[in-house]
Amino acid sequence: MSFERKKIVILGGGYAGLSALVGLQKELGLSEADITLINKNEYHYEATWLHETAAGTINWEDGVYPINKVVDNMKTNFVVAEVTKIDKDSQVVETTKGNVEYDILIVALGFESETFGIEGMAEHAESITSPQTALKARALVEKNFNNYLESKDKNDLAIVVGGAGFTGIEYLGELVDSLPILCDNLDINYDDVSITCVEAMPSMLPMFSEDLSGYAKKYLESKGVKFLLGTPIVAANEEGFVVKINDKEETVKANNRIWTAGVRGNKLMEENFDGVMRGRIIVKDDLTIEGYDNVYAIGDVSAVMNGTGENARPYPTTAQIAMQLGEHTAKIISAKLRGKKVEPFVYDDKGTVCSLGAKNGIGVVYGKEIKGKSAAFMKKVIDTRAVAKIGGPVLGFTKGKFL
Ligand code: NAD
C-alpha cells in the first residue's frame, strides 16, 4: 500500500469525468489522494438531452446541475477553468486559471461538432453539441417562425437537418412534438412547415433492425418529415444545404439549418497527443495511453477497441460507455495505488434507445427490441438512471425525467 498522497487531476465534468470523480471519491481515502477536477463550466450538462433543449421541449436548466453537488470538498478541489495545454513530460496541465501539477491524469474532455471540412457548414448551420449551441438552434427556429409572420417567406418555415444518426432522429422526434405548439402560438398553419432530413447513407440508424428503423422513419414521415437518404450534403450557405442527387448538385432551401451529422473528440487532443484521430486516442486495456502509464483517456476522447488485431474497431462513443469507463478508471487507479491486480475494461452493453419525442421511440434493451411507448418509457429510465448514477438518488429524483 502506498502512503504517498497522489495528485489526481480529472479534465472534464461530463459523463466520463464525473463518473471517475464519484468512483475515486468512493474508492480512495483522504490519505491516498488529492483530487482536482477541472471543467470549463460550473455545471454538468446531460449531453444526451441536448436535442430536447434544441427543439424547445425542455428548458436548458432542466438538463444541467451544479457540479458541486457531486464534489466531496474533503477530497476534491473543483476548479472552473478551461484547459489550454497538457504537458505530459513535466506532468502539468495549463489552464486559464493557472497551472496544475499531477501524478495521475484523467483526460475526459468530451466531444464537439465535426463538419468534415464541408464548405460553409460551420458558418451557416447550428449544431447540437452543448447547451449553448442547442439554445442557438432553438432561437434560430423561433426567430425565423416569428419572422414568417411578416415575411411570408416559406424558407422561414423550412427546417433542414443534416444527418439521420441518433442526434438527428432524436431532434426530429422532439421537433414534431414542439413545432405544432409553436405554430399554434403564432397562428401558423403547421402544414406550411417543411422539415427535411438529409442523410448520406442509403438507410438510417443501421445499428437497429429494418423493422425498428422503418418504424422510426414511418412515424416521422407521418408527422411531416421528408427524408432524403443516400444524399450527401456537400456545402452549406445562407440559402440551405447543397446536396448531391444523382451526381447533380441541388440546394435544399431552408433558413433553419441544423447540422447533426458528425461529432469528434475535443480538439485539444490533437494539440497535445500523438496518434489522435478525430479527437480520439486509442487506449490500452487499463485505459492509459501508449507511453504514459499515468495518463488515462476516457469518454469521447478515447477509442476503446472492441476485438483484437485487424478486426478491432472502436466502440461508438455513448454516455453509457463513458460512464462505465469513468467508473472503471476509478477502480483501476485505486487497485494500482494499493498494489492490487488491475482488471481490464470490459464493456457491458445494456442496449440503446432512440427517442422519437416524449411518447415514442425504438430501442434494444438487454437484447430485446422495443418500440412505441415502452421505448419512450425506457428512454426516461435511462436518462434518470444516468443522473442518479452520478449524482445519487436525490439528484436522480429532482433532475430525472419522472417528476
Ligand atoms: P453519428 O455520426 O452517429 O451520425 C451522423 C449521421 O450523419 C450518419 O448517419 C452519417 O451517415 C450522416 N452524415 C455524415 N456526413 C454526412 C453528409 N455530408 N451528408 C449527409 N449525411 C451525413 O452522429 P450522432 O448522431 O451525433 O451520434 C454521435 C454518437 O453519439 C454516436 O456514437 C451515437 O451512438 C451517440 N448517441 C447516442 C444516443 C442514444 O443512445 N440515444 C443519442 C445521441 C448520440
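Residues numbered from 1 in each chain as written. Predicted model: local features only at pLDDT ≥ 70, side-chain atom pairs only at ≥ 80, totals over all residues. Heavy atoms only, no water.

1. Focus: the site of the ligand
Around the ligand lies a shell of 22 residues, among which Thr167, Glu199, Ala200, Ile233 and Val353 are the nearest. Contact distances for the ligand include 2.7 Å between an oxygen atom and a side-chain N or O atom of threonine 167. In this structure, glutamate 170 approaches the ligand through a side-chain N or O atom, which is 3.3 Å from a nitrogen atom. Considered on its own, the ligand offers 840 Å² of accessible surface; in the complex 77% of this is hidden by protein. At the level of secondary structure, the elements contributing two or more residues to the shell around the ligand comprise helix 5 (166–186) and strand 27 (351–355). Among the elements that line the shell around the ligand, the one with the most residues is helix 5, at three residues. For the shell around the ligand, a count of residues per class yields 12 nonpolar, seven polar and three charged. (Near = heavy atom within 4 Å. Polar contact = N/O pair within 3.5 Å; in protein donor to acceptor, adjacent residues only side chain to side chain. Areas by Shrake-Rupley, 256 points an atom, 1.4 Å probe, with all protein chains shown as cover. Helix = DSSP H or I, 4+ residues; strand = E, 2+ residues; numbered from the N terminus. Nonpolar A, V, L, I, M, F, W, Y, C, P; charged D, E, K, R; others polar.)

2. Quick look at the nonpolar core
Looking at soluble globular proteins, one finds that nonpolar side chains tend to be buried together. Membership of the largest hydrophobic core comes to 65 residues, with the highest contact counts inside it found for Leu11, Leu24, Leu105, Ile106, Val107 and Phe273. Per-element accounting of this core gives the leading share, nine residues, to helix 8 (residues 319–337). Formed by 40 residues, the second largest nonpolar core is a distinct cluster that contains Tyr148, Leu186, Ile188 and Val193. (Core = buried A, V, L, I, M, F, W, Y, C linked by side-chain atoms within 4.5 Å. Buried < 20%, exposed > 50% of the residue type's maximum accessible area, 1.4 Å probe, protein only.)

3. A word on the UniProt feature "domain: FAD/NAD(P)-binding" (unreviewed entry) in the protein
On the UniProt side, "domain: FAD/NAD(P)-binding" (unreviewed entry) is annotated at positions that read residues 7–324 here. Between the end C-alpha atoms of residues 7–324 there is a gap of 23 Å, over a span that is 28% helix and 32% strand. (UniProt positions renumbered as here; feature names shortened; annotations may be inferred.)

4. Regarding the layout of surface pockets
In this structure, the second largest pocket occupies an estimated 410 Å³ of space. Together, 23 residues line the second largest pocket, and Glu52, Thr57, Ile58, Lys380 and Lys401 are the ones closest to its centre. Where the lining of the second largest pocket is concerned, the elements lending two or more residues are helix 2 (50–55), helix 5, helix 9 (373–391) and helix 10 (393–399). Composition of the lining of the second largest pocket by domain shows at least three residues from each of domain 1 (6–113 + 264–349) and domain 2 (121–261). (1 Å grid on protein atoms, 1.4 Å probe; cavity = no way out; pocket = protein on both sides within 12 Å on 5 of 7 lines; lining within 4 Å. Points joined across faces, edges and corners; volume = space filled by probe spheres on them. Domains from an automatic or database assignment.)

5. Looking at unusual backbone geometry
Backbone geometry at asparagine 246 places phi at a positive 50 degrees, although glycine is not the residue there. A positive phi is found at arginine 278, a non-glycine position, where the angle reads about 45 degrees. Among the structural elements, arginine 278 can be located in the loop between strand 20 (276–277) and strand 21 (280–282). Overall, arginine 278 belongs to the partly exposed group, its relative accessible area being 41%.

6. Comments concerning the sheet that holds strand 20
The strand order across the open sheet formed by three strands is 20-21-24, and the pairing between neighbours is mixed. Each end of this open sheet is capped by a strand with a single partner; those strands are strand 20 and strand 24 (302–303). Here strand 21 pairs with strand 24 via two bridges, running parallel. Bridge pairing in strand 24 links isoleucine 282 to alanine 303. (Pairing = 2+ DSSP bridges.)

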